[in-house]
Amino acid sequence: MIDRTTGPGGLEIFGGAPAIVASGLSKSVTVTVAERGLRGALRSVVRPERVRRDIVRDVSLTVRAGELVALLGPNGAGKSTLVKMFTGILVPSGGTLRVNGLVPHRDRAGLARGIGAVFGQRTQLWWDLPARESLDILRDIYGIPGPDHRRRLAEFDEILALRDFWDTPVRHLSLGQRVRCDLAASLVHDPRTVFLDEPTIGMDVVVKEQVREFLRHQALARGRTVVLTTHDTADVAHLCERLVLVDRGRVRFDGTLANLRAAHGGSVTVRAVFAAPVGPVEIEGTDVVERTDLRLTLVPRPGVDHRRVVRDLVGRTPVADLRVDEDDVESLIRNAYRDGRPVTAGGRPGTGAPGR
Ligand SMILES: Nc1ncnc2c1ncn2[C@@H]1O[C@H](COP(=O)(O)OP(=O)(O)OP(=O)(O)O)[C@@H](O)[C@H]1O
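Residues numbered from 1 in each chain as written. Predicted model: local features only at pLDDT ≥ 70, side-chain atom pairs only at ≥ 80, totals over all residues. Heavy atoms only, no water.

Named according to an unreviewed UniProt entry, the protein is ATP-binding cassette domain-containing protein originating from Actinomadura graeca.

Structure (structure tokens):
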């Protein structure tokens, strides 16, 4: 059963039990190795060589209720496999997993009432029906009371502007319109935890922002847990407080963007233009890149907080203009994969165990 209370302003919020608790979670498959050449092909038929492939290895992760978590990683890293285990579609080969307090593959029916999912290119809507009719069918399947259903659709429509196209058959919708309807379908039964695979794929910048605002609202105001897989680093920068980087089946990093910056950030550059000429300025913990009477460019040394550098600079000189250039999210993630060490929240090297 889903544990709910009423929060400020009468909003329903979910209880404090973690949404996901995974410990040592693994998934292996057995694959047949195809041998080369005609003789090899014949041998593969007569005596196929089978090898075990580890797709997800020893993943430990706790996601609290109401968290917005991005699951990131290169193609083939194991993200979809993890989400398939979270949603009960795949049975883990090892470790333990609970989602909304349930063992997903053992209690798929119970789990379905408390989770929602959007899987990228696939739709859960009826192809030949207008999206609105699909949402009505889902209302009947889940037994949602009419007033609740209408209130939820009005809320989804307010941010996602569904009314413009929800009377059009799904097969005539653009990808961006269809995914917006799929988002509504995944939330219509008010699930506690939502899994979204590339929710902003194929959308223009305006619609992407609409979807991000919608997901923020669903996490912050509604207390829903949102786990999204994405290759769009702007989703991460605009949306997620927590990042889990997966690589070759393992968690390589688990923490906030600030943790990632601390662990894998390159340099931050502080550029100041002064309102009047100044003499020599010494700011502790920095290297000077450029200095004139009117300009100063500094790079804080590793481990030095650039905000302290900015405070010192502004406190001691007449700064007319100031710019801080940091690595963008994409370069941070690239650095994390290149650096190779698994890092948990707080920037500490670790095994991918929950960092908070
Ligand atoms: N049933 C299976 N049999 C064999 N290999 C599999 C199976 N399912 C997944 N894999 C392999 O496991 C790896 C992880 O796949 P997965 O789909 O989880 O990656 P992903 O991180 O979601 O990738 P993408 O970003 O491309 O969607 C891939 O190398 C894939 O080929």
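Next comes the rest of the write-up.
(A) Molecular detail of the overall build of the protein. Looking only at helices and strands, the protein has eleven helices and 17 strands in total. The buried share of the protein, taken over its 356 residues, is 46%. Sequence separation of 24 or more characterises 68% of the internal contacts of the protein that already satisfy a separation of 6 or more. With the model as given, the accessible surface of the protein reaches about 17800 Å², and the carbon-plus-sulfur share is 51%. (Helix = DSSP H or I, 4+ residues; strand = E, 2+ residues; numbered from the N terminus. Buried < 20%, exposed > 50% of the residue type's maximum accessible area, 1.4 Å probe, protein only. Contact = heavy atoms within 4.5 Å. Areas by Shrake-Rupley, 256 points an atom, 1.4 Å probe, with all protein chains shown as cover.)

(B) Representation of the environment of Pro 48. Residue position: Pro 48 is located in the loop between helix H1 (37-46) and strand E4 (49-63). Residue class for Pro 48 comes out partly exposed when judged on its relative accessible area of 32%. Spatially, the C-alpha atom of Pro 48 lies 37 Å from that of Leu 196, the residues being 148 residues apart in sequence. Aside from chain neighbours lying at most four places away, what touches Pro 48 is Thr 32 and Arg 43.

(C) Focus on the pattern of salt bridges. Within this structure, the stated rule accounts for 25 salt bridges. Here Arg 171 ties to Asp 128 by a salt bridge, and the two come within 2.7 Å at their closest N and O atoms. Within this pair, whereas Arg 171 is found in the loop between helix H5 (146-160) and helix H6 (175-187), its partner Asp 128 is found in the loop between strand E7 (115-119) and helix H4 (131-142), the two being separated by 43 residues in sequence. A relative accessible area of 40% means that Arg 171 is categorised as partly exposed. Using a relative accessible area of 51% as the deciding quantity, one classes Asp 128 as exposed. (Salt bridge = Lys/Arg side-chain N within 4 Å of Asp/Glu carboxyl O.)

(D) A look at the nonpolar core. With 47 residues, the main nonpolar core has Leu 162, Leu 183, Leu 196, Phe 214, Leu 215, Leu 228 and Leu 260 as its most contacted residues. Of the residues forming this core, the biggest block, six residues, is contributed by H6. Those residues in contact with Leu 215, other than ones at most four positions away along the chain, are Leu 68, Leu 183, Leu 196, Pro 199, Leu 228 and Leu 239. Core analysis: the second largest hydrophobic core is formed by 24 residues, Ala 19, Leu 71, Leu 97 and Val 227 among them. (Core = buried A, V, L, I, M, F, W, Y, C linked by side-chain atoms within 4.5 Å.)

(E) Quick peek at the packing of aromatic side chains. One pass over the structure, following the stated rule, counts two aromatic pairs. Ring geometry for Phe 156 and Phe 214: centres 5.7 Å apart, planes at 85 degrees, overall edge-to-face. Of this pair, Phe 156 sits in helix H5 while Phe 214 sits in helix H7 (residues 205-220), and the two are 58 residues apart along the sequence. Neither Phe 156 nor Phe 214 differs from the other in exposure class; each is buried. (Phe/Tyr/Trp six-rings, centres within 6.5 Å; stacked < 30°, edge-to-face > 60°.)

(F) How the structure looks around the environment of Val 194. Looking at where Val 194 falls in the secondary structure, it is placed in strand E8 (residues 193-197). Residue Val 194 is classed as buried on the basis of its relative accessible area of 3%. In this structure the C-alpha to C-alpha distance between Val 194 and Gly 223, which are 29 residues apart in sequence, comes to 11 Å.

(G) Representation of the site of the ligand in the model. Not every one of the 13 residues close to the ligand is listed here, only the nearest: Gly 76, Gly 78, Lys 79, Ser 80 and Thr 81. Interatomic distance of 2.8 Å between a backbone N/O atom of Gly 76 and an oxygen atom of the ligand. In this structure, an oxygen atom belonging to the ligand sits 2.9 Å away from a main-chain N or O atom of Gly 78. Looking at the shell around the ligand, the elements with two or more residues in it are strand E3 (20-33), E4 and helix H2 (79-86). (Near = heavy atom within 4 Å. Polar contact = N/O pair within 3.5 Å; in protein donor to acceptor, adjacent residues only side chain to side chain.)

(H) Looking closely at the sheet that holds strand E13 (residues 286-291). Taken in spatial order, the four strands line up as E13-E14-E12-E15 in an open sheet, and their pairing is antiparallel. Taken across any chain shown, the strands that pair with only one partner, and hence form the sheet edges, are E13 and strand E15 (319-325). On average, adjacent strands in this sheet sit at an angle of 20 degrees to one another, irrespective of strand direction. When strand E12 (residues 269-274) meets E15, the two strands line up antiparallel, connected through six bridges. Counted as the bridge partner of Arg 271 is Arg 323 from E15. (Pairing = 2+ DSSP bridges. Axes fitted to C-alpha atoms, helices over the stretch in contact; angles between N-to-C directions.)

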